[in-house]
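Next come the chains, spelled out residue by residue.
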Amino acid sequence: MSIPFPLPDDAILARRDEILAGLAPLLPPEALITSEDERRAFETDAFTAYRRVPLAVALPTSTEEVSGVLRFCHEQGVKVVARGAGTSLSGGAIPQTDAIVLGLSKLNRILDVNFPNRTARVQAGVTNLSITESVSAEGFFYAPDPSSQLACTIGGNIGMNSGGAHCLKYGVTTNNVLGVRMVQMDGTILDLGGEAMDAPGLDLLGLMVGSEGQLGIITEAVVRILPMAEDARPVLFGFDTSEEAGACVASIIGAGIIPVAMEFMDKEAIAICEAFAKAGYPLDVGAMLIIEVEGSAPEMDAQLAKIIDIAKQHNVRVVRESKSAMETAAIWKGRKSAFGATGLLADYICMDGTVPTGQLSYVLKRTGEICAAAGHRVANVFHAGDGNMHPLIMFDVNDPKSAASAEHIGLELLKLCVDAGGCLTGEHGVGIEKRDLMRYQFTEDDLRQQMRVRAVFDPQWLLNPAKVFPLDGRE
Amino acid sequence: MNVTTLIERLEPQSEQEACEIVKQARLDRWTLAIEGGGTRAGLGRPVQADAVLSTRRLSGITLYEPAELVMSARAGTPLSEVEAALAAKGQMLAFEPADYRALYGTQGEPTIGAVAACNLSGPRRIQTGAARDALIGVRLINGEAQAIKSGGRVMKNVTGLDLVKLTCGAHGTLGLLTQVTFKLLPRPLAQATLILDGLDDARAIAAMGSALSSPFEVSGAAHLPTGHDGAGAQTLLRLERDEVSLAYRAQKLVERLAPFGAVRRVDDEASAALWRDIAQVKPLTKAHGPAIWKLSLPAHRAQACMQAISENLGARYFYDWGGGLVWLAVMPGEDAGALRIRAAVTEAQGHATLMRASDEIRTKVDVFAPLGAALMKVTSGIKHSFDPDGIFNPGRMYAGV
């Protein structure tokens, strides 16, 4: 376990009682968590190898309470780590012992659905899926669909600019959010954007999306809701090799076809997911694509015919269309449970680099070689249409050597993505996990510009300060 | 300020040369007005600068991978060159980059860098996103003469703060863009426009809302209260598909729109011409006198807002983006109607940009909607973080920024 945390501020730890006493009048009694047992529930997120029990946990019930807590922490020099549902895979919500956690879980209401304008105003703690559930009866949905969508919150999605399987067609969070209400570290409440398609001035909304809790705390959002397609149909394509599957993806896009999703699984991932979800995945192939098309039945037939023609040119061995809503659900259940299903077999870490799709075959091959050389099993399951890779590197958590080696390999794979022309993270965020690799992708000048922008919002580095930027050389 | 009175015109041929120029400007305390093709010089507050920094010689497509739907070009590359290269491979910039030569009465070639710097999107914004959604990477020279990058060439990238978004729509106030990278989409094989005649504004917005709430992926929704040719109100709805899908969806959409009246259909080039005119604001630019505003507002409040404005001002206007965008022409007068227009638009929870007016009016009237104190503080802070000496496009967006 090699990722360092900043040394806790002893002066803050020594003043804990005083700080808790100052926070208490700012919140309803049940919204301030101070006991060790209860605080421990917040010690980590989905990047579970690292844990720190926070000073306290505040669960405010309004924007005004968030403002009050932040203003107090600003005056007192107390660090604040924002938390949605705690599903971050990069450690974005992991606390520090000298920080309070500010959880948005009690801000969980859908405030207004505006069908004529095709927008919804929601509080930051609502889950991703509940937005879609609140508009689906009218034929609408909220597009970004991270695998954790049952649990993850819109506030966390905005913080990380989350993606999902269907963003090939519908875009990621930043393309689907029109406004946020946020609170700055000094307690100032800001509205960025709103219900119109754009806002005056600099695109501060675009800056906030994906800022990983470094610039402020989001309490509300206005999101676009989109009309659902008439129907959707996923099709499984089995290939002997990952190279053939990768080349097929490039040919489909090159032919001017943008399916709503193109998901890739290698042999290991297929076996793991099929054992879990019984989705009818072909077990005797080397790689599989789930390609989903949308529209009316004749439109889907026509588009699939073109895709199948292309797949045949790449030696596709198995083509299996979903024949029912149940089969469709099973196919997606298998894909979306890939992480959970892998977790039943072994401990794993999941990487999230993106590469140009033309480099997929090469990067997959090197991934296999690097993992094999170090004696780790690896399963690859990812969004092929946009090159966002997700190698799951398996290890034994009870063996410190195995864990350290997996972590090391993960970082090597991310460097491989950058070397191939891509980036460290496509949708999970930098968090603590990739923080110390930032200089591999960015120059010192690049990072300094980002940090100067950060300092406009939080010059004292109180907001989620252990994350995103390397600990040394900050300004 | 008249460009010809400027003392110098600088045309770097490389990013490195541009860095040297900025370094020197910093030492000499010069300010720089950034210029691409010069076709939108009338957009924004008039800039008073010591020299023009032109991207004209920073030209050429540097990367184009059709199978990856991605293209990079140096900032001064003519938009026409980019669009021709993409069209040759059946692809496009999906947000329909706006060409405002008719609006400003200018010649010359708009550049790809200015499309990014001004975040200018056309009718398809309603369906495929704005320029800011398609821009995935930039290289930029900041006010400390550092060449920095943000984003990259891959579709999904959440590494670090998204400075790409900040630079998109900053109108060159944060630095000089030297290279921009956009994601692309395949060019649809066919298109058709369905036309409803004679609807009033409220019915038209309802009709556009119905179409945009359908599963048929309407890629343009505009309403011309006095019609394209002055003949009468027209509501236009665009579909862009392959032939099979287009036939099916046009039929379904006609059925859906039945409560709004009879539907006419025009295809292919005739349809494309209609949307080209809308993208270029042609319905309002035939006369050169009026001041022109761009209003961005929630679609469901647009009609009431326009009613309030029309009652007070002899205004001509049309809607795009299903009612979420209004182009408005008014007699220039003292302030181009700013007071009344901004009051009505603020009431509707939108904002108004003065797109065309004399330098005199644009110096006196806020071109971009004024920001509250807290937002202005952040905006000034960000400007300072990129350009501490205020070298680039001083005052282009806001006085002092």
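What you see is a predicted model, and the numbers here were worked out from it, not measured in a lab. (Residues numbered from 1 in each chain as written. Chains lettered and ligands numbered in written order. Predicted model: local features only at pLDDT ≥ 70, side-chain atom pairs only at ≥ 80, totals over all residues. Heavy atoms only, no water.)

Topic: the interface of chain A and chain B
Stated formally: By definition, residues are in contact when any of their heavy atoms lie within 4.5 Å. For any pair of parts, buried area is found by adding up, for both, the accessible area (1.4 Å probe) each one loses once the two are put together. For salt bridges, the criterion is a side-chain nitrogen of Lys or Arg within 4 Å of an Asp or Glu carboxyl oxygen. Numbering goes from the N terminus for both helices and strands, where a helix is a DSSP run of H or I of at least four residues and a strand is a run of E of at least two. Under the grouping applied here, Gly and all other residues not named as nonpolar or charged are polar, the nonpolar ones being Ala, Val, Leu, Ile, Met, Phe, Trp, Tyr, Cys and Pro and the charged ones Asp, Glu, Lys and Arg.
Taken together, the 87 residues of chain A in the interface contact 70 residues of chain B. Between chain A and chain B, roughly 6,100 Å² of surface is buried when both sides are summed, and carbon and sulfur atoms account for 58% of that area. Inspection of the region where chain A meets chain B yields 8 salt bridges. Note that Lys169(A) is salt-bridged to Glu217(B), the shortest N-O span being 3.0 Å. At the level of secondary structure, the elements contributing two or more residues to the side of chain A that touches chain B comprise α7 (167-170), β9 (189-193), α8 (204-208), α9 (242-254), α11 (297-313), α16 (438-441) and α17 (444-457) of chain A. Residue composition of the side of chain A that touches chain B, grouped by class: 36 nonpolar, 32 polar and 19 charged.

Let's talk about the domain arrangement of chain B
How big an interface is tends to be stated in terms of accessible area lost as the parts join. All names here are of chain B. We apply this condition: For the purposes of this description, domain bounds are those given by an automatic or database domain assignment. Pairing of N or O atoms within 3.5 Å defines a polar contact, subject to two protein rules: one partner must be a possible hydrogen donor and the other a possible acceptor, and residues neighboring in sequence count only if both atoms are side-chain atoms.
Taken domain by domain, chain B comprises domain 1 (1-187 + 370-401), domain 2 (190-279) and domain 3 (282-364). For domain 1 and domain 3, the distance between their C-alpha centroids amounts to 25 Å. Facing 16 residues of domain 1, the contacting portion of domain 3 comprises 14 residues. Buried surface at the junction of domain 1 and domain 3, summed over both partners, amounts to about 1,300 Å²; 60% is from carbon and sulfur atoms. Counting across the domain 1 and domain 3 interface gives 0 salt bridges. Summed over the shared surface of domain 1 and domain 3, the number is 5 residue pairs in polar contact (both at pLDDT 80 or more). Of all the secondary-structure elements, those providing two or more residues to the side of domain 1 that touches domain 3 are α3 (101-104) and α5 (125-128). The greatest single-element share of the side of domain 1 that touches domain 3, amounting to 3 residues, is contributed by α3. Considered class by class, the residues forming the side of domain 1 that touches domain 3 number 10 nonpolar, 4 polar and 2 charged.

Quick word on the environment of Ala311(A)
All names here are of chain A. Checked against the element boundaries, Ala-311 lands in helix α11. Between the C-alpha atoms of Ala-311 and Glu-244, which are 67 residues apart in sequence, the distance is 8.8 Å. For Ala-311, the residues in contact, after removing those within four places along its chain, are Phe-237, Phe-239, Cys-248 and Val-316.

Let's talk about the domain arrangement of chain A
If you check the domain split of chain A, you get domain 1 (110-227), domain 2 (232-338) and domain 3 (346-419). Of note, the centres of domain 1 of chain A and domain 3 of chain A, computed from C-alpha atoms alone, are 30 Å apart.

Some details on the packing of aromatic side chains
How we decide: Only rings of Phe, Tyr and Trp enter the pairing, Trp through its six-membered ring, and a pair is recorded when the two centres are within 6.5 Å. The plane angle decides the type: under 30 degrees is stacked, over 60 is edge-to-face, the rest tilted. Throughout this description, buried means an accessible area under 20% of the type-specific maximum (1.4 Å probe, protein chains only), exposed means over 50%, and partly exposed covers the range between. Only lysine NZ and arginine CZ atoms are considered, and such an atom sits over a ring when it is within 6 Å of the ring centre and within 35 degrees of the ring normal.
Following the criterion strictly, the structure yields 12 aromatic pairs over all chains and no others. Centre to centre, the rings of Phe95(B) and Phe182(B) are 5.5 Å apart; their planes meet at 35°, and the pair counts as tilted. One end of the pair, Phe95(B), is in the loop between β6 (91-92) and α3; the other, Phe182(B), is in strand β9 (residues 176-183), and 87 residues separate them in sequence. For the pair shown, Phe95(B) and Phe182(B) are each scored as buried. Centre to centre, the rings of Phe368(B) and Tyr398(B) are 6.3 Å apart; their planes meet at 50°, and the pair counts as tilted. Note that Phe368(B) is positioned in the loop between α14 (359-364) and α15 (373-386) and Tyr398(B) in the segment after α15, a separation of 30 residues in sequence. Under the relative-accessibility criterion, Tyr398(B) is labelled buried at 6%. Taken together through their ring pairs, the aromatic side chains of Phe5(A), Phe47(A) and Tyr50(A) make up a single cluster. Above the plane of the ring of Phe5(A) lies Arg52(A), whose end atom (NZ or CZ) is 3.9 Å from the centre.

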